[in-house]
Amino acid sequence: MLFSTEPKTSLDELFDREAEIERFRSGLNERLVLVLGIRRVGKSSLVLSVLNSLGIDYIFIDVRKLYDNVSRKVPAERIYNELRMSLGNLSFWEGVRRIIDEIDVSLGPIRFRLSASRIRDGIAKILEAINNAGKHVVLILDEAQYLRYSTIGLRPLLAYVYDHLRNITLVLTGSEVGLLHDFLGINDPSSELYGRYYHVVELRPFDRGRSIEFLRRGFRELGINVDDRVIERAADELGGIVGWLVYFGRLYPERGVDAINEVKEIGANLVRSELEELFSRSQYYRYIMEAVAVLGRAKWSDVMKYLMARVGERPTNATLSRDLNNLVKMGFLTKDGDWYGIPDPIVRYAVLR
Ligand code: ADP
Ligand code: MG
């Protein structure tokens, strides 16, 4: 069903994305694939649907789920446990079970806090065992930008997999486009992954026509007749991020047209914690986002003017440029020529509220 809120897991549930499906498929012969796009645009759905259709073994780790809001860390033992739990689905699990049980035993109950290096060692051993089984396996680190909060340095481990465990293809998904690059350090000579080739699949929001088509098809599937004007308004106000369109499709049968406002309200609440976390990282982020939200789209000089009027002080040019750049890297802003914009209308709505 098009309006199901879980990530899609099969290609016949997936709307559009033919080019991205093909691009992802061809990447599976490479060592490292990055699936990039803002949240709710359909990254997990793409990855899971394609892998299921090919019948390739995969290990799926949702890194965001491992993030601990209190310590603001991704604890190493959570990574180990999550990896360990996900192995049961492998087609050759029985063949590696004994050796992996031994690794478990050698680490002891993980609750007796082990040093980070021992846990990393354990993870490496598990991956070696998987690799040595001789079958192609895809290791997916979903929302991998959260790995930068990991309590163990994972870059050396990923570099080890990249260089030596040739049966394992690494797939990292992430909304924070630039930070993913920063985490991997692909362009940073001091990074273990420096200079490695990687294959990029970029997912963009649907354009207006696709969004409208998506909603029409979803309602047809439900056997519900919805006025074209409502569908167009929903597409205009919610934009082309499929997660919000799904939400609207779910609420419409109960709420009618009000569902548009409700998605905005609920959506704004959902993104608010992301925004608060963001705003805590630099004093100007809040006002920069506000400037672009108020103006609809804005040039560097517009943002500077807004900040001076709003905050009553002038950041240095370098500070403003750096902050704008970071917001683009994190996917909160887009840059088109000289113009900055907010790609997610719900984020814009949340900032203005
Ligand atoms: P992401 O991983 O980028 O956050 P998800 O894959 O979780 O996004 O998708 C968000 C929502 O949109 C889910 O409800 C999912 O079922 C739906 N969805 C994503 N891509 C598609 C698609 N191509 N066709 C139909 N529904 C989709
Ligand atoms: Mg996802």
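Residues numbered from 1 in each chain as written. Chains lettered and ligands numbered in written order. Predicted model: local features only at pLDDT ≥ 70, side-chain atom pairs only at ≥ 80, totals over all residues. Heavy atoms only, no water.

Quick word on the sheet that holds strand 7 (residues 334-336)
Here's step 1: The 3 strands are arranged 6-8-7 in an open sheet whose pairing can be described as antiparallel. Two strands lie at the open edges of the sheet, namely strand 6 (297-298) and strand 7, each paired on one side alone.
Here's step 2: As defined by bridge partners, strand 7 adjoins strand 8 (residues 339-341) across 3 bridges and the pair is classed as antiparallel. Paired with Asp336 across the strands is Trp339, a residue of strand 8. (Pairing = 2+ DSSP bridges. Helix = DSSP H or I, 4+ residues; strand = E, 2+ residues; numbered from the N terminus.)

Concerning the domain arrangement of the protein chain
Here's step 1: Entries for the protein chain in the domain assignment read domain 1 (11-202), domain 2 (208-274) and domain 3 (282-352).
Here's step 2: A straight line from the C-alpha centre of domain 2 to that of domain 3 covers 27 Å.
Here's step 3: Taken together, the contact between domain 2 and domain 3 spans 11 residues of the former and 7 residues of the latter.
Here's step 4: Approximately 750 Å² of surface area, both sides summed, lies buried where domain 2 meets domain 3, with 76% of it carried by carbon and sulfur atoms.
Here's step 5: Looking only at domain 2, the three residues that lose the most surface to domain 3 are Ile241, Lys264 and Val271, adding up to 42% of its buried area.
Here's step 6: Our count for the domain 2 to domain 3 interface comes out at 2 residue pairs in polar contact (both at pLDDT 80 or more).
Here's step 7: When residues of the side of domain 2 that touches domain 3 are traced back to their parent elements, those giving at least two are helix 10 (228-238) and helix 12 (258-279).
Here's step 8: No other element matches helix 12, which puts 6 residues into the side of domain 2 that touches domain 3.
Here's step 9: Here the residues of the side of domain 2 that touches domain 3 sort into 6 nonpolar, 2 polar and 3 charged. (Domains from an automatic or database assignment. Contact = heavy atoms within 4.5 Å. Buried area = accessible area lost by both parts, 1.4 Å probe. Polar contact = N/O pair within 3.5 Å; in protein donor to acceptor, adjacent residues only side chain to side chain. Nonpolar A, V, L, I, M, F, W, Y, C, P; charged D, E, K, R; others polar.)

A short note on empty space enclosed by the protein
Here's step 1: One pass over the structure, following the stated rule, counts 2 cavities of 30 Å³ or more.
Here's step 2: Space inside the largest cavity adds up to approximately 170 Å³.
Here's step 3: Taken together, 13 residues make up the lining of the largest cavity; nearest its centre are Ile38, Arg39, Glu274, Gly331 and Phe332.
Here's step 4: Residues belonging to the lining of the largest cavity are distributed by class as follows: 6 nonpolar, 2 polar and 5 charged.
Here's step 5: Split by domain, the lining of the largest cavity shows at least three residues from each of two domains, domain 1 (11-202) and domain 3 (282-352).
Here's step 6: A volume near 130 Å³ is recorded for the second largest cavity.
Here's step 7: Those elements giving two or more residues to the lining of the second largest cavity turn out to be helix 4 (76-86), helix 6 (116-132), strand 3 (137-142) and helix 7 (155-164).
Here's step 8: Of the residues forming the lining of the second largest cavity, the biggest block, 3 residues, is contributed by helix 7.
Here's step 9: Taken together, the residues of the lining of the second largest cavity break down into 12 nonpolar, no polar and no charged. (1 Å grid on protein atoms, 1.4 Å probe; cavity = no way out; pocket = protein on both sides within 12 Å on 5 of 7 lines; lining within 4 Å. Points joined across faces, edges and corners; volume = space filled by probe spheres on them.)

Quick word on the nonpolar core
Here's step 1: Ranked by size, the top nonpolar core spans 72 residues in total, and within it Phe24, Phe214 and Phe248 carry the most contacts.
Here's step 2: For this core, the element with the highest residue contribution is helix 12, accounting for 8 residues.
Here's step 3: When near neighbours in sequence (up to four residues on either side) are disregarded, Phe248 contacts Leu215, Phe219, Val230, Ala234, Leu238, Ala259, Ile260 and Val263. (Core = buried A, V, L, I, M, F, W, Y, C linked by side-chain atoms within 4.5 Å. Buried < 20%, exposed > 50% of the residue type's maximum accessible area, 1.4 Å probe, protein only.)

Overview of the site of ligand 1
Here's step 1: Within the structure, ligand 1 sits among 22 residues, and Glu6, Lys8, Arg40, Lys43 and Ser45 are positioned closest to it.
Here's step 2: Thr5 is positioned with one of its backbone polar atoms (N or O) 3.1 Å from an oxygen atom of ligand 1.
Here's step 3: With respect to ligand 1, the backbone of Val41 contributes an N or O atom lying 3.3 Å from an oxygen atom.
Here's step 4: The pocket occupied by ligand 1, as judged from atoms lying within 2 Å of grid points, is the largest pocket.
Here's step 5: Of all the elements in the fold, those that place two or more residues in the shell around ligand 1 are helix 2 (43-54) and helix 11 (242-255).
Here's step 6: Class assignment for the residues of the shell around ligand 1 results in 9 nonpolar, 6 polar and 7 charged.
Here's step 7: For the shell around ligand 1, the domains that each give at least three residues are domain 1 (11-202) and domain 2 (208-274). (Near = heavy atom within 4 Å. Sits in = over half its atoms within 2 Å of the grid points.)

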